[in-house]
Structures are given as structure tokens and as C-alpha cells.
Amino acid sequence: MTAKKISLTRYLVEEQRVDDRIPAQLRLLIEVVARACKSISHAVNKGALGGVLGSAESENVQGEVQKKLDIIANEVLIEANEWGGHLAAMGSEEMDSIYVVPNRYPQGEYLLLFDPLDGSSNIDVNVSIGTIFSVLRKPEGHPGVTEEDFLQAGAKQVAAGYCIYGPQTTLVLTVGDGVAMFTLDREQGSFVLTQENVRIPEDTKEFAINMSNMRHWDAPVKRYVDECLAGKEGPRGKDFNMRWIASMVADVHRILTRGGIFMYPWDKREPGKPGKLRLMYEANPMSWLVEQAGGAATNGRERILDLQPKALHERVSVVLGSKNEVERVTQYHLEAR
Ligand code: P6P
């Protein structure tokens, strides 16, 4: 549904009036994250002109080579959020352990998790990338904050979203009352509401998976994809299209915009690894957004938002998107058990 052109700030204030869904501190947090995303967008858009492309000759906790923009985006989000008094600590894909807000600043009641620049393998080839963020409440009853305070199921999130840096820079957000999209108006320098009450069609003819891993997949995933590839003459009775941008933010944005199913499943390459994507700052925020838009998200067997995290950087298998397709893939996993 296209929306009346209102700013992110006005949207948050109006939502705040509705059963206090967005307390002032959470509104401040979201606005600060949005401003940080605007700065990241400017840096990304400069590309080679800003000297920000290429690798930083360092590795992150995931053992992945960091791009210069990964580090820039991480620093922007830390600096933007540490002084405001809305946060107790932050967790990032780019940092081994949590970042506790220095005690020269007031401590807030929220915890912010983020993947500062997801899809960074696409940075140097000018393909859409994005920032993913998730907000939790700091558990009460004890002073200070530890990594354990972050280990809450995705169902406990109070806000989640991403900002996609593509042909448009668009912030996509949920606070539990549906999904809204805000496009950056570069002339005004502000995010403007361009869509609200986003809905994912329950059926689709489009699947997203990295097909090069086919020989490593578990049987239920192979069964599902084979049926899609069999098309009209196969058991699904319809032809399917395939997309794989290798940038979760871009693949999820397409699904929120026109439906589809996204899969990054467990595979035999590293049996001890549940999947490639991270639970806390990729799967959880994306799963909440997808559910809030009428879709579904599982790890092949269980609802992702119900999973109890055991570690800040733990990985998870992800199947999300159009409800009926996710339920089919999940059913295939449960039958195979
Ligand atoms: P592959 C990007 O590195 C990422 O974490 C997600 O954004 C994306 O969906 C996935 O990995 C792509 O993985 O193995 O296809 O390169």
C-alpha cells in the first residue's frame, strides 16, 4: 500500500502515540540508526571516489576478510549510538565481543545488534548491499551488561530492520505493527515513508538459493528445488524463476516487495555448522520483518524467532519468505526426520 509522504520522525512519533509502542528512547535509537545508515549510504555511493573500496587486510570474528567499508560502517554505527543514552551495549558482526557503552555516557535500556554492511562481497562490483539491525531490551535486575544479556530469542525483539543501499537507499522497519519502508530523499536528506503494511504473497514462483551448493544439500532441500526445476510438467504444476543476488538484504527486499522464498540451508560441507547466516543480526531481524509482512521463517524445522541463542555469533539455517512455500520446505524436513 503506497503511503502519504511523511517523514520517519513523524511516523515514529505517531506510532509512539499508539499504545506507546515506541517509547521515546526507542524512537531516538531508531532515528540515530537511520542517520548512521544515511552516512553509510553516502560512503557506499562514493565508491572508488571515496577510496573506500577493496579489502582492509584484516579479518573479522567470522574469519572473513574485512572490506574497508565494513569497518567504516561499523565505526559509524558505534559512534552514532554510544552517546545518546538509549543503549547499554552493541553487538556487531565485525566485532568479536560486545561493545559496552563507555560509562562517560548515560547507559540506556536497549541492546543494539547489527551487521553493518551485509553482502560486502558485492561492494566492489557495485551490487546492492545493506545494514541489518535488531533491537532488544536489556534484561533488568542486574547492573551492567554482559554478552549473555544479548542471548534472547528473536521473538523478544522490539525493533528490527535494514537499510538497502541500491538504486534507492531504503530503510525497512518493524516495531511489531507491520512493516514500513522509507526512501531516502537526498534533496531533503531525510527518509520519507513510501510504503506501509507491506504484505508478502503467500504463494510464489520465485526461489532464491545458491545453486552451486546443490551437491552438498540435504535431501529435503534437494527435493524442493528439484520440484521447482521440474516446472509445469512436475509435481508443482507451474514454472519457477530463480534469483540469487548473494546479498541477503537485496534478496529479502525483493521478497518483501514481490514475494519469493530465500534459502541458505545447512549443507554437508561443514556438518557441524548449522548454516552460513548469523542468527542474532541477520536471521532474527529478517525473520521478524518477514513474519510481520505475513510470511514465515524457519531453520527448516523450527520457527527462527523461537530459537534460544547460545552464542553472539552463532549461525543458523534459513528458509524464509512466502508462507506456503516455507511451510512446504519445512514439511519436507519434518517428513525426512
Ligand atoms: P554465498 C553475504 O556474504 C551473505 O552473508 C548474505 O548476505 C548472502 O545471502 C550470503 O552471504 C551469500 O552467500 O555463499 O552465496 O556467497
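Keep in mind the model is a prediction, meaning the values are calculated, not measured.

Asks: Mind laying out the pairing of strand 13 (residues 261-264), listing which residues take part and the relevant values?
Replies: Residue alternation in strand 13 divides its side chains into two sets, Ile-261 and Met-263 and Phe-262 and Tyr-264, and both sets are buried. The pairing of strand 11 (residues 206-208) with strand 13 spans two bridges and is parallel. When the sheet's bridge partners are listed, Phe-207 is paired in strand 13 with Ile-261. As judged from the four bridges shared by strand 13 and strand 17 (residues 318-321), these two strands associate in the antiparallel manner.

Asks: Outline the site of the ligand, listing residues and values.
Replies: Taken together, 13 residues surround the ligand, and among them Asp-118, Asn-210, Trp-244, Met-248 and Tyr-264 come closest. One nitrogen or oxygen atom from the side chain of Tyr-264 is found 2.6 Å from an oxygen atom belonging to the ligand. Lys-276 places a polar side-chain atom, nitrogen or oxygen, 3.0 Å from an oxygen atom of the ligand. Within the residue set of the shell around the ligand, elements represented by two or more residues are strand 13 and strand 14 (277-278). Partitioning the shell around the ligand into residue classes produces six nonpolar, three polar and four charged.

Asks: Outline the UniProt feature "binding site: substrate" (unreviewed entry) in the protein, supporting the account with residue identities and numerical values.
Replies: Under the local residue numbering, the UniProt record ascribes the feature "binding site: substrate" (unreviewed entry) to Asp-118, Gly-119, Ser-120, Ser-121, Asn-210 and Lys-276. Structurally, the position occupied by Gly-119 is in the loop between strand 5 (110-118) and strand 6 (129-137). Here Gly-119 falls in the buried class, since its relative accessible area comes to 12%. If we skip the residues at most four places from it in the chain, Gly-119 touches Ile-129, Ala-246 and Ser-247. Here Lys-276 lies in the loop between strand 13 and strand 14. Sequence-distant contacts of Lys-276, defined by excluding residues within four places in its chain, comprise Glu-64, Tyr-264, Arg-315 and Val-316.

Asks: So what's going on with unusual backbone geometry? Residues and values would help.
Replies: Of note, the phi angle at Asn-197 is positive, near 50°, even though the residue is not glycine. Relative accessible area serves as the criterion here: at 41%, Asn-197 is assigned to the partly exposed category. Of note, the phi angle at Ala-246 is positive, near 60°, even though the residue is not glycine. For Ala-246, the location among the structural elements is in the loop between strand 12 (241-242) and helix 5 (248-258).

Asks: So what's going on with the packing of helix 1 (residues 8-17) against helix 2 (residues 24-46)? Which residues, and what values?
Replies: Two elements in contact, helix 1 and helix 2, have axes whose closest approach is 10 Å; the angle formed by their N-to-C orientations is 160°. What the angle tells us is that helix 1 and helix 2 run roughly antiparallel. As helix 1 runs across helix 2, the sense of the crossing is right-handed. Of helix 2, the residues touching helix 1 (which contributes Leu-8, Thr-9, Leu-12, Val-13 and Gln-16) are Ala-24, Arg-27, Ile-30, Glu-31 and Ala-34. Among the residues making up the contact of helix 1 with helix 2, the classes are represented as six nonpolar, two polar and two charged.

Asks: Lay out the UniProt feature "domain: Fructose-1-6-bisphosphatase class 1 C-terminal" (unreviewed entry) in the protein with the relevant residues and their values.
Replies: The positions that UniProt labels "domain: Fructose-1-6-bisphosphatase class 1 C-terminal" (unreviewed entry) are, in the present scheme, residues 200-333. Regarding residues 200-333, the helix share stands at 36% and the strand share at 15%, and the terminal C-alpha atoms are separated by 23 Å.

Asks: Break down the sheet that holds strand 8 (residues 169-174) for me, with residues and values.
Replies: Strand order in the open sheet made by the eight strands is 4-3-5-6-7-8-9-10, with mixed pairing throughout. At either end of the open sheet lies a strand with only one pairing partner, and these are strand 4 (99-100) and strand 10 (190-195). Of the pairings in the sheet, the one linking strand 3 (residues 87-92) to strand 4 comprises two bridges and is antiparallel in character. Following the sheet pairing, Met-90 is matched in strand 4 by Tyr-99. Strands in contact with helix 2 are strand 3, strand 5, strand 6, strand 7 (159-165), strand 8, strand 9 (179-185) and strand 10; relative to strand 5, the strand with the most contacts, it is inclined by about 15°.

Asks: Go over the packing of aromatic side chains with me, naming the residues and quoting the values.
Replies: Evaluation of the coordinates by the stated rule reveals three aromatic pairs. Centre to centre, the rings of Trp-244 and Tyr-264 are 5.9 Å apart; their planes meet at 50°, and the pair counts as tilted. Residue Trp-244 is located in the loop between strand 12 and helix 5, and its partner Tyr-264 is located in strand 13; the two are separated by 20 residues in the primary sequence. Residue classification places Trp-244 among the partly exposed positions, given a relative accessible area of 22%.

Asks: Before we move on, can you summarise the domain arrangement of the protein with the specific residues and values?
Replies: Segmenting the protein into domains produces domain 1 (8-195) and domain 2 (206-336). Centre-to-centre, using C-alpha coordinates, domain 1 lies 24 Å away from domain 2. Contacts between the two partners involve 49 residues from domain 1, matched on the other side by 33 residues from domain 2. Each partner contributes to the roughly 2900 Å² buried at the junction of domain 1 and domain 2, and carbon and sulfur atoms together form 64% of this total. There are 14 residue pairs in polar contact (both at pLDDT 80 or more) connecting domain 1 and domain 2.

Parameters and conventions
- Residues numbered from 1 in each chain as written.
- Predicted model: local features only at pLDDT ≥ 70, side-chain atom pairs only at ≥ 80, totals over all residues.
- Heavy atoms only, no water.
- Buried < 20%, exposed > 50% of the residue type's maximum accessible area, 1.4 Å probe, protein only.
- Helix = DSSP H or I, 4+ residues; strand = E, 2+ residues; numbered from the N terminus.
- Pairing = 2+ DSSP bridges.
- Near = heavy atom within 4 Å.
- Polar contact = N/O pair within 3.5 Å; in protein donor to acceptor, adjacent residues only side chain to side chain.
- Nonpolar A, V, L, I, M, F, W, Y, C, P; charged D, E, K, R; others polar.
- UniProt positions renumbered as here; feature names shortened; annotations may be inferred.
- Contact = heavy atoms within 4.5 Å.
- Axes fitted to C-alpha atoms, helices over the stretch in contact; angles between N-to-C directions.
- Parallel < 35°, antiparallel > 145°, perpendicular 65-115°, else oblique.
- Left-handed = near helix turned anticlockwise from the far one by under 90°.
- Phe/Tyr/Trp six-rings, centres within 6.5 Å; stacked < 30°, edge-to-face > 60°.
- Domains from an automatic or database assignment.
- Buried area = accessible area lost by both parts, 1.4 Å probe.

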